[in-house]
Every structure is written in C-alpha cells, then in structure tokens.
Amino acid sequence: MKPGRSTLTILVVGTLVVLAAAPLVGPRWIDPGMLWNGDNPLEARIFWDIRVPRVLVGFLAGMGLAVGGTAYQAMFRNPLASPFTLGLASGASLGAVLAIHLGWNKLLWGTPAVTVCALMGAGVTLVVVYGLTRLRAELSVATMLLAGVAMSFLNTSLILVLQYAVDPVRAFHAFRWMLGGLEGTLGYRDILWLGPVVLAGTFILWVLRRELNLLSLGDEWAAARGVSLRTVKTLILFVSGVMVAAIVAHCGPIGFVCLIAPHISRQLVGPQHTRLVPAAALLGGAFLVISDSVARTVLAPAEIPVGVITAILGGPFFLWLLLTRPLSWEWVP
Amino acid sequence: MAILAVRGLSFAIAGQTILENVTFELDRGEFVSLVGPNGAGKTTLLRCLALVHRNWQGEILWHGRAAKRASQREWARFVAYLPQEERVDIPYTVEDFVLMGRYPHGSPFSPPSPRDIEAVREALELTNTWNFRHRLVRTLSGGERQRVMLAAVLAQQTPVLLLDEATTFLDFRHREEVQHLLEKINTQRQVAILAVTHDINTAALFSRRILALRDGHIVFDGPPATFMQESILQEVFGFRPLLVDHPQACIPVIVPTRSGGEP
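What you are looking at is a predicted structure, and each value in this text was computed from that prediction instead of being measured.

Draft legend 1. Focus on the overall build of chain B. When helices and strands are tallied, chain B shows nine helices and 12 strands. Since a compact globule built from 263 residues should have a radius of gyration of about 18 Å, the 19 Å found for chain B is in line with a globular shape. Its C-alpha atoms give chain B principal-axis dimensions of roughly 65 × 40 × 35 Å. Across chain B, every contact between residues at least 6 apart in sequence was considered, and the portion connecting residues at least 24 apart equals 65%.

Draft legend 2. Broad picture of the overall build of chain A. Each helix and strand in chain A was counted, giving 13 helices and two strands. Expected size for 333 residues packed as a compact globule is a radius of gyration near 20 Å; at 20 Å, chain A falls within 12% of this value. Viewed in the frame of its principal axes, chain A has a C-alpha envelope of about 65 × 55 × 40 Å. Expressed as a percentage of contacts within chain A between residues at least 6 apart in sequence, the contacts between residues at least 24 apart total 79%.

Draft legend 3. Structural context of the sheet that holds strand S3 (residues 31-35) of chain B. Residues and elements named next belong to chain B. Read from one edge to the other, the open sheet built from six strands follows the order S6-S7-S8-S3-S9-S10, with strand pairing classed as mixed. Of all the strands in the sheet, the pair left with one neighbour each is strand S6 (79-82) and strand S10 (217-222). In this sheet, adjacent strand axes meet at a mean angle of 15 degrees when their direction is disregarded. Bridge count for strand S9 (residues 209-214) against S10 is five bridges, and the pairing is antiparallel.

Draft legend 4. Focus on the nonpolar core. In this structure, Ala245 and Val248 of chain A together with Val98 and Leu162 of chain B are the most contacted members of the largest nonpolar core, which totals 174 residues. A total of 15 residues in this core trace back to one element, the largest contributor, which is helix H2 (residues 41-76) of chain A. For leucine 162 of chain B, the contacting residues outside a window of four places in its chain are Leu46, Leu49, Ala50, Val79, Tyr81, Leu82 and Leu194 of chain B.

Draft legend 5. A look at the interface of chain A and chain B. The interface of chain A with chain B comprises 25 residues on the first partner and 27 residues on the second. Of all the secondary-structure elements, those providing two or more residues to the side of chain A that touches chain B are helix H8 (209-215) and helix H9 (219-224) of chain A. In terms of residues, the side of chain A that touches chain B owes the most to one element, H9 of chain A, which gives four residues. Class assignment of the residues belonging to the side of chain A that touches chain B gives a composition of 14 nonpolar, seven polar and four charged.

Draft legend 6. Highlighting the pairing of S6 of chain B. Residues and elements named next belong to chain B. Covered by surrounding structure in S6 are Val79 and Tyr81 together with Ala80 and Leu82, the residues of both alternating faces. When S6 meets strand S7 (residues 160-164), the two strands line up parallel, connected through four bridges. In the strand pairing of S7, alanine 80 is matched with leucine 161.

Draft legend 7. Spotlight on the sheet that holds strand S5 (residues 65-66) of chain B. Residues and elements named next belong to chain B. Strand order in the open sheet formed by four strands is S2-S1-S4-S5, and the pairing between neighbours is antiparallel. Where the open sheet ends on each side, the last strands, each with one partner, are strand S2 (16-27) and S5. One ladder, built from two bridges, connects strand S4 (residues 57-62) with S5; its direction is antiparallel. Counted as the bridge partner of tryptophan 62 is arginine 65 from S5.

Draft legend 8. Summary view of the pairing of S3 of chain B. All names here are of chain B. Of all five residues that make up S3, four are buried, and the element is covered over most of its length. Pairing between S3 and strand S8 (residues 192-196): four bridges, direction parallel. Bridge assignment links phenylalanine 31 to a residue of S8, and that residue is isoleucine 193. Here S3 runs beside S9; their pairing, made up of four bridges, is parallel. Within S9, the position partnered with valine 32 by the bridge is arginine 209.

Draft legend 9. Structural view of unusual backbone geometry. All names here are of chain B. In this structure, histidine 63 takes a positive phi of about 50 degrees despite not being glycine. Looking at the secondary structure, you find histidine 63 in the loop between S4 and S5. The backbone of asparagine 128 sits at a positive phi, close to 60 degrees, despite the residue not being glycine.

Draft legend 10. How the structure looks around H2 of chain A. Its 36 residues give H2 of chain A an end-to-end C-alpha distance of 51 Å, which sits within 8% of 52 Å, the value for a rise of 1.5 Å per residue. The sharpest bend along H2 of chain A comes to roughly 35 degrees, located at arginine 51 of chain A, with the proline proline 53 of chain A sitting one to four residues further on.

Draft legend 11. Expanded view of the packing of H2 of chain A against helix H7 (residues 189-207) of chain A. Residues and elements named next belong to chain A. The contact between H2 and H7 brings their axes to 10 Å, and the two run at 30 degrees. Judged by the angle between their axes, H2 and H7 are roughly parallel. Note on packing geometry: the crossing formed by H2 with H7 is left-handed. Across the interface between the two elements, Pro53, Leu56, Val57, Leu60, Met63, Gly64, Val67 and Ala71 from H2 touch Asp190, Ile191, Leu194, Gly195, Val198, Gly201, Thr202 and Leu205 from H7. Per-class residue counts for the contact of H2 with H7 are 11 nonpolar, four polar and one charged.

Draft legend 12. Spatial organisation of the confidence of the model for chain A. Residues and elements named next belong to chain A. Summing up the model confidence of chain A, the mean pLDDT is 86 and the portion of residues at 70 or higher is 94%. Summarising per-element confidence for chain A, the mean pLDDT is lowest in strand S1 (residues 107-108) (70) and highest in H8 (94). Overall, residues 328-333 carries pLDDT values under 50, and its contacts beyond four positions in sequence, including any with other chains, amount to 16 contacts.

Draft legend 13. Geometry of helix H12 (residues 273-297) of chain A. The terminal C-alpha atoms of H12 of chain A lie 35 Å apart, and with 25 residues this matches the ideal 36 Å at 1.5 Å per residue to within 8%. The buried fraction of H12 of chain A amounts to 21 of the 25 residues, a majority that puts the element mostly inside the structure.

Draft legend 14. Just the packing of H2 of chain A against helix H10 (residues 229-251) of chain A, in detail. All names here are of chain A. Following both chains from N to C, one finds H2 and H10 inclined at 150 degrees, their axes separated by 9 Å at the closest point. Relative to H10, the element H2 is oriented roughly antiparallel. For H2 against H10, the interelement crossing comes out left-handed. Contacts from Ala61, Gly64, Leu65, Gly68, Ala71, Tyr72 and Met75 of H2 reach H10 at Lys233, Ile236, Ser240, Met243, Val244, Ile247 and Cys251. Its residues assigned to classes, the contact of H2 with H10 comprises 10 nonpolar, three polar and one charged.

What counts and what doesn't
Sequence order as written defines the numbering, with residues in each chain counted from 1. A letter from A marks each chain and a number from 1 marks each ligand, given out in the order of writing. In keeping with the model being predicted, local features are shown solely for residues with a pLDDT of at least 70 and side-chain atom pairs are shown and tallied solely at 80 or more, while totals for entire chains, interfaces and linings include all residues. Only DSSP runs of H or I reaching four residues or more are called helices, and only runs of E reaching two or more are called strands; each is numbered from the N terminus. As defined in this context, the radius of gyration uses C-alpha atoms, and a globule is described by 2.2 Å times the residue total to the power 0.38. For the purpose of contact definition, each residue receives a C-beta atom placed from its backbone, and two residues are in contact when these atoms lie within 7 Å. Pairing between strands requires that DSSP locate at least two bridges from one strand to the other. In this analysis, axes come from line fits to C-alpha atoms, helices being fitted only over the stretch in contact, and the angle between any two N-to-C directions falls in the range 0 to 180 degrees. Each nonpolar core comprises buried Ala, Val, Leu, Ile, Met, Phe, Trp, Tyr and Cys residues, the members being joined through C-beta atoms within 7 Å. Buried, partly exposed and exposed are defined by the number of other C-beta atoms within 10 Å of a residue's own C-beta, namely 20 or more, between the two limits, and 12 or fewer respectively, with C-beta atoms placed from the backbone. We call Asp, Glu, Lys and Arg charged. Ala, Val, Leu, Ile, Met, Phe, Trp, Tyr, Cys and Pro are nonpolar, and the rest, Gly among them, are polar. Expected helix span is computed as 1.5 Å times (number of residues minus one). One axis fitted to the seven residues ending at a residue, another fitted to the seven starting there: the angle between these axes is the bend at that residue. Working rule for angles: under 35 degrees goes down as roughly parallel, over 145 as roughly antiparallel, 65 to 115 as roughly perpendicular, anything else as oblique. A clockwise turn of the near helix away from the far one marks a right-handed crossing, whereas an anticlockwise turn of less than a right angle marks a left-handed crossing. Looking at any residue, its pLDDT shows the predictor's confidence there, from 0 to 100.

As structure tokens, then:
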C-alpha cells in the first residue's frame, strides 16, 4: 500500500506539462507549430534563447528552495522553518546591496559581481550561524535557529543603513534586486552552475531521507536509532544552505516557495521523506515556473518581479490553508 | 560474562554533576530495574548508555570494547533506547514508524531488505500491534502507542534494551500486558533489559536485580528481596514506606499510607 506513489506520478506528469507550456507564455505568445517550420526566426530565438533557459532556471530555483525548506523543517521540527529563517536571504541581500551601492557591475569569473557578492553574503551568514551553534556543546537546533534569527536581524539592519545612506537611484536598484526575479537569466550559462548545485543538493538530501524522518521525531529518538546527530545536522545545514545561497544569489530572495511547496507536498504524499523530497522538488519547481509566467505576462510588456507574485499568491494561500485545515505537522488524512 | 560494563561513569551538564562514578555490569539476558527519586539521574544514565550524550567521563564497554570508539550506527545495533513519553506529532503510520527502527541495519541506497520487513513483522506481532499497522501513531491510545514504541525498539534487534518509564502512563491492564511482554522478550530472546521505573512494586516482582540511584550515585545494587526493606527504601527515597507481603510472591510491596495514619 503506497498511496503516495500515484500522487507522485501525477506530479511528474503535471510538472512536465508546466515545463512544456511555460516557454510559450509571455508578452509574446508563441505558437508551438511555428517553432519548427523555420519561418519565424524571431519567435524561435525568443523561445530557445530566452524563454527555455528562464523556465529551466525558474524550475531549478523553485526546486532547490522547496527541498531546502523541507529539510530545514524536518531538522528544526517546525513547519515554518526555512533557509530564510537562518538569515541566508538577508545575507545574500546584504552582499548584493553592498555591490550595487559600490557600483560594482563588472563580471567576476564570468558572473555578475552582484551575484558573487550575494553568494558571499549568504556564505558568511551560514558560516557564522554554524560557528555560533558550535560554541555550545551539543549541536542544538534551537541555538541554530536563534543564531539564524539574530544574523537575519543584523543583516537587515545593515541593509537599512546602506539603503538610507546612499544615492536613491542605486537604492532603488538594490530594492528591485531584493524583490527577486528571473529576468536576469539570459542564455544557458547560469544553468551550467545552478543546475549541478541544485541537483546535487536535492540528491544528497534525498539520500538523507531516513535521517530526515528520524530527525523530525526529535534528537533523542534519532540518536538512539543510530543517527550521528552532529554529522547529519552539519550536512543538512550546509547542503541546503549552499543550494539556497546559490539560488538566492542568482534570483534574489524569492519568498514563500520554501514554505508552501513542502506544506502542500506533505498534504499530498504524507510525511515520509522518501516521497516528500521528490514531491516538494517537483511542486516547488512548477510553482515558481507558473509564478514567473504570470509575472512576465499580466502587465506585459512590463514585468512584475516574481517575488511579488509568489508573495501575492503565497500569503493568502497560506492563510487559507491555516484557516481551513489543521497545520500540516498535525495533519490527519 | 557482562555484555555491558560501566566503569566510573561521570557526567555533568553546565558544571552541574548529574552522574558521579557510576559502576555496574549488565549480563546477557538480565532484567534489571533502575529506580530512584526524581532527579537522581536515571534518565541521564540511560542517555549516556545509549550514546545520546557522548561527553561523559569514565568507561562504557560492550564485550570489552569501548563505546566511545563505536559509531552511532554501530552502537544502535547493540543498544536500543526507548525515551520517556516521546510524542509522535507527525502523521507516520505504525508500520513506517517501526521500520525506522531498522535504520542502523539499512543503507540509503537500497529499499528495506527482506530481513528488515521480517524484523518489523515480528516486532509488530510480538507487541500485538500488527492489526493496526496502517493506522497513524498519533491516533493511538496510550496503551497501543506504548506497544508501538516497544515494537520500534524491538525491530532494532539489539541484545540490550534501555527503557525509560515504558509503563508509567498506562492503566493497570496495559501495564501488566507490557510487563509480561517485556518478560517474554527477556526470557525468549535473551535480551538484557535495563528499565527505569517509578513503579517499585512491579520492579520488585518482575526483575531479578534492582539498581538504585540517588543524587547521581548508585546506592543499591542487588536482588529485589533485599531492596524491599524499610531501611533501604528510606535511604534511597528519604521516605519510610508502608510494606505488606505480596499474597503470591514472597516479597514485600509498598502500599500508600493514609494521611495521619501509622507509620
């Protein structure tokens, strides 16, 4: 009896449909039939060079955020925990804002300086959170969460200082970056580094599915079943952290995906991470691709930052879930 | 021969000593009850033995091998620990939950082996929980839940079981059921059991040896018949109990006193 398996199949099919349809949607709608007859080089170029890479990056980003959220929620035993709670998003934002204010718009190693600085900001935050947690004897998730919240406040306050102190045009640029968006994706180069990071991270967290199951029951239970707490928690912290840092550095802090996708996935396939990790990966990816399609279509030719769309869709949806059914952690089928 | 030997075990949290110089041995197939007043360090001792805590001083040896050198997984194939009143909020089914006990025997790249499936089935049947293996753990009653918890540690198939108040919140009938189940596991499988309990009477009737802790020290280690004496109970608990002889076993048991009555 595996009730989750058919649901997972449906999710795979649904995701493939979304992936196939999304590149056709945008300010200029593309008729799939015209792609192949060679009469419309412009349409074909928009499709292959702009839309497809953007949809793929969106999918990878949504996937990584959702899987990172799932892992953190199991480790912290809290359905509201996410890599953002640990200050990764604010760390990345601080790095990006700093780069924008200093006017760094060069390419570093073929990557925009803003992205590199965002990655460093998130990386420093991750290391500081880990270091603060290590100060205590046991690697306690409560300490980790508090350290993350403290770093989050610290980063945010520094961003506020920077935003207040500088040139308004740059401040607006920085503000725009912090809304999150996928319009920075041009061509396939970004996929070359984002793809391996997200796919490897997702795979490692799926390999750790049994440990995630046990950790979600509590440290004592997990340790007594043979989970090496320190190693496994450090691994989860860094694998999810690096994956989310890479995504946020590229796309900006796109909120809610890492809360909503795991939440819905738990309702669909149950709490076992064997199925929960793949379900969240598919759902998170599809959700971000759909949100981005909406973002580039509704006000065309203008674009809405995708972070605004996920927030507009996500906030009320989360409220609706909260009001209509018990918390997923308490969920009874 | 002792399969588990504890020598000079001391443990402190934040400078406060919880256990001091605890020394005892556990033989194969022994049933030992660990008793003592609240705060004596009973749960902490089990946690140290289960390697939930690892920063203790002293020695814990299994078959002469140092526990500190064992990995968490290796240790979990030797010792299974049932924590006290562990809540399962997450909607795992009984079967899923018990299968998690197989973690130290499994690998992340293979599905549960026939041996895992067999161990789970056996644990479920032994604890009489097979019939509701598809129900969610958190929808079970207290008695059912406790049997499922036991099934999960039994599925681990270890030669040593550490139980922390496995029967405390059960009614009379379920307490007896679980107790008989433990006896069965102990005698049929030769599994050594170290059980923390506040139920001194049951401990005296079911176990062959009693260990008493007070303020982190072992203050008694011996047979129940010696333990169930006013003077010793007074020393361990700081309270003079009313003892009457058990009608079936030739051992005294404690009965509650009425206020204002003797003694």
